[in-house]
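# Overview (structure and organization)
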Amino acid sequence: MKKETKFVNAGRQSKWTRGVVNPPVERASTVVFDSVKQMKHATVNRGNQVLFYGRRGTSTSFAFSDAMTELEGGAGCAIYPSGTAAITNAILSFVKTGDHILMVDTAYEPTRDFCDKILKNIGVETTYYDPLIGADIESLIQKNTSVIFLESPGSITMEVQDVPAIAKVAHQHNCIVMLDNTWSAGVNFQPFDFGVDISIQAATKYIVGHSDVMLGTAIATEEHWEQLRENSYLMGQCTSPDDLYLAMRGIRTLGVRLKQHQDNALKVANWLATRDEVDVILHPAFESCPGHEVFKRDFTGGNGLFSFVLTRGNQASVNALLDGMHHFKMGYSWGGFESLILANTNVGRLRTATQWPYEQPLIRLHIGLENVDDLIDDLSQGFARLNAVLDA
Ligand SMILES: *Cc1c(COP(=O)(O)O)cnc(C)c1O
């Protein structure tokens, strides 16, 4: 089945839909049984998509899990109330006190904070590594390294990682490879074709796609699925069926949305590349983005999220750019239908294993589904405000 067809069909097996088009919202805490035999059957099969108790899920979550594994691959999908919960539970499901993990230096900031605060407190040590390290990651692997965590492209700065090179070395040393695959939406990078063991998404972003639900997913290979599923369950992870219903709706239009976000973003990025205010475009499809060659080799498409570095700017001029935008609202997220803008004047603060090479501020854009000309006008006026402050 081609991916466009999968978006339409994923998770819609008749055992979940019972004949209607969309798998219904099935709300439950208590599940009741009429016979000892029935109850015993549910108990024995409670980890295997059988109604047992609300925390183990209902047909709504079973359908959504199926849909995600149909899209991304893997043996099963665990569901969490946020992307961050997916990341932390996936890691906690596979580490113990005394272990060491390798974390990419460009990880999403709360992922870093989790390592520096929670993991540290339970005696799991973190070493940060250069996102462009590739097979040289071998030099950082210790006897007690249990997990190598990747995020590609990197948060804010967009470095694309050589996932297969890292995965190959990781497996030679029996390390589990986890990837934050949110940027690809599980669509434009097929993690299990490149050696990933556990693929994680903030489904909050493109899967949901409408900026109104928090949701996380972690999909594992056959080898790791049981441990991920059972340990996440033991940590109490479960999700509202209403949220899952909305996420399922998101999947139906994921293909056309991603394509439109990608096309709009490329148009805006190409326009930015012609502007004197812009020094470097950090979009994986641009040669100026570290890891661009790997992107061309491993990804089948992009989306609406990228960054660029200003030629010049300070806090006051960046504030002038941001205040007064009409279509780009400021917000700490992305993946919805609307455009967003964010400025970062101190990217270096987020990095410890690598040196951020630019002094100037960075701007991150999420390009939504608006008309591109309106977005370009908005940015053009923003640059005029920036220049007015700098030239005053
Ligand atoms: C947003 C985001 C997360 C966290 O997702 P939440 O649902 O907000 O917890 C994790 N990783 C990446 C790359 C993200 O952009």
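The structure reproduced in this document is the subject of the present report. Keep in mind it's a predicted model, so treat the numbers as computed, not measured. (Residues numbered from 1 in each chain as written. Predicted model: local features only at pLDDT ≥ 70, side-chain atom pairs only at ≥ 80, totals over all residues. Heavy atoms only, no water.)

### A short note on the overall build of the protein
- Across its full length, the protein holds 12 helices and 12 strands.
- A compact globule built from 392 residues should have a C-alpha radius of gyration of about 21 Å, and the protein, at 22 Å, falls within 12% of that.
- The dimensions of the protein, computed from C-alpha atoms along their principal axes, are 80 × 50 × 35 Å.
- For the protein, the proportion of its 392 residues judged to be buried stands at 55%.
- Long-range pairs, those at least 24 residues apart, make up 74% of the contacts in the protein between residues at least 6 apart in sequence.
- Approximately 16,900 Å² of the protein is accessible, and the part contributed by carbon and sulfur atoms is 51%.
- With 34 positive and 44 negative side-chain charges, the protein shows a separation of 8 Å between the mean positions of the two kinds. (Helix = DSSP H or I, 4+ residues; strand = E, 2+ residues; numbered from the N terminus. Rg over C-alpha atoms; globule rule 2.2 N^0.38 Å. Buried < 20%, exposed > 50% of the residue type's maximum accessible area, 1.4 Å probe, protein only. Contact = heavy atoms within 4.5 Å. Areas by Shrake-Rupley, 256 points an atom, 1.4 Å probe, with all protein chains shown as cover. Lys, Arg positive; Asp, Glu negative; His and termini not counted. Charge placed at Lys NZ, Arg CZ, Asp CG, Glu CD.)

### Some thoughts on the pairing of strand β9 (residues 305-310)
- Most of β9 is tucked away, with 6 of its 6 residues classed as buried.
- As judged from the 4 bridges shared by strand β8 (residues 278-282) and β9, these two strands associate in the antiparallel manner. Paired with Val280 across the two strands is Val309, which belongs to β9. (Pairing = 2+ DSSP bridges.)

### Description of the pattern of salt bridges
- Overall, the coordinates contain 14 salt bridges when judged by the stated rule.
- Glu230 is the salt-bridge partner of Arg56, the closest N and O atoms lying 3.2 Å from each other. In this pair, Arg56 sits in the loop between α3 (36-44) and α4 (59-72) while Glu230 sits in helix α8 (residues 222-234), placing the two residues 174 residues apart along the sequence.
- A relative accessible area of 12% means that Arg56 is categorised as buried.
- Taken together, the salt bridges that share partners define one network made up of Arg56, Glu226, Arg229 and Glu230. (Salt bridge = Lys/Arg side-chain N within 4 Å of Asp/Glu carboxyl O.)

### A look at unusual backbone geometry
- Here the bond from Ser152 into Pro153 is cis, since omega is -5°, no more than 30 degrees from zero.
- Tracing the backbone shows Pro153 in the loop between β4 (145-151) and α7 (163-172).
- One non-glycine residue, Gln49, lies in positive phi territory at about 55°.
- Turning to its location among the elements, Gln49 is positioned in the loop between α3 and α4.

### Considering the sheet that holds β4
- Spatial ordering of the open sheet is given by β1-β7-β6-β5-β4-β2-β3, a layout of 7 strands whose pairing is mixed. The strands lining the two open edges of the sheet, one partner per strand, are β1 (76-80) and β3 (125-129). Adjacent strand axes in the sheet meet at a mean angle of 20° when their direction is disregarded.
- By the bridge criterion, 5 bridges tie strand β2 (residues 100-104) to β3 in an arrangement that is parallel. Note that in β3 the partner of Ile101 across the bridge is Thr126. (Axes fitted to C-alpha atoms, helices over the stretch in contact; angles between N-to-C directions.)

### As for helix α5 (residues 83-92)
- Counting buried positions along α5 gives 8 out of 10 residues, so the element sits mostly inside the fold.
- Every buried residue belonging to α5 is among Gly83, Ala85, Ala86, Ile87, Thr88, Asn89, Ala90 and Ile91, and all of these are buried.

### Notes on the site of the ligand
- Among the 13 residues in the neighbourhood of the ligand, the closest are listed as Gly83, Thr84, Asp180, Thr204 and Lys205.
- In the model, an oxygen atom of the ligand is placed 2.7 Å from a nitrogen or oxygen of the Gly83 main chain.
- Trp334 is positioned with one of its side-chain polar atoms (N or O) 2.9 Å from an oxygen atom of the ligand.
- Considered on its own, the ligand offers 380 Å² of accessible surface; in the complex 91% of this is hidden by protein. (Near = heavy atom within 4 Å. Polar contact = N/O pair within 3.5 Å; in protein donor to acceptor, adjacent residues only side chain to side chain.)

### Details of the packing of aromatic side chains
- Following the criterion strictly, the structure yields 10 aromatic pairs and no others.
- With a centroid separation of 5.0 Å and an interplanar angle of 35°, the aromatic rings of Phe189 and Phe299 are classed as tilted. With Phe189 in the loop between β5 (176-180) and β6 (198-202) and Phe299 in the loop between α10 (292-298) and β9, the pair connects residues that are 110 residues apart, well separated along the chain.
- Ring geometry for Tyr206 and Trp334: centres 5.6 Å apart, planes at 75°, overall edge-to-face. With Tyr206 in the loop between β6 and β7 (216-220) and Trp334 in the loop between β10 (329-330) and β11 (340-344), the pair connects residues that are 128 residues apart, well separated along the chain.
- On the basis of relative accessibility, which here comes to 9%, the residue Trp334 falls in the buried class.
- Put simply, the rings of Trp183, Phe189, Phe194, Phe295 and Phe299 pair up and form one aromatic cluster.
- Its guanidinium or amino end placed over the ring of Phe52, Arg46 lies 5.8 Å from that ring's centre, counting from NZ or CZ. (Phe/Tyr/Trp six-rings, centres within 6.5 Å; stacked < 30°, edge-to-face > 60°. Lys NZ or Arg CZ within 6 Å of the ring centre and 35° of its normal.)

### What to know about helix α11 (residues 315-322)
- All buried positions along α11 are accounted for by Ser317, Val318, Ala320, Leu321 and Leu322.
- Packing partners of the buried residues in α11 comprise β9, β10, β11, β12 (362-366) and α12 (372-390).
- With its phi angle positive at about 105°, Gly324 sits one or two positions after the end of α11.

### A few points about the packing of α4 against helix α9 (residues 241-272)
- Interaxial distance between α4 and α9 falls to 9 Å at its minimum, and their mutual angle equals 30°. Comparing their axes, α9 and α4 come out roughly parallel. Note that α4 runs across α9; the crossing there is left-handed. In this structure, α4 contributes Thr60, Ser61, Ala63, Phe64, Ala67, Met68 and Leu71 to the contact, and α9 contributes Pro241, Leu244, Tyr245, Ala247, Met248, Ile251 and Leu254.
- Its residues placed into classes, the contact of α4 with α9 shows 12 nonpolar, 2 polar and no charged. (Parallel < 35°, antiparallel > 145°, perpendicular 65-115°, else oblique. Left-handed = near helix turned anticlockwise from the far one by under 90°. Nonpolar A, V, L, I, M, F, W, Y, C, P; charged D, E, K, R; others polar.)

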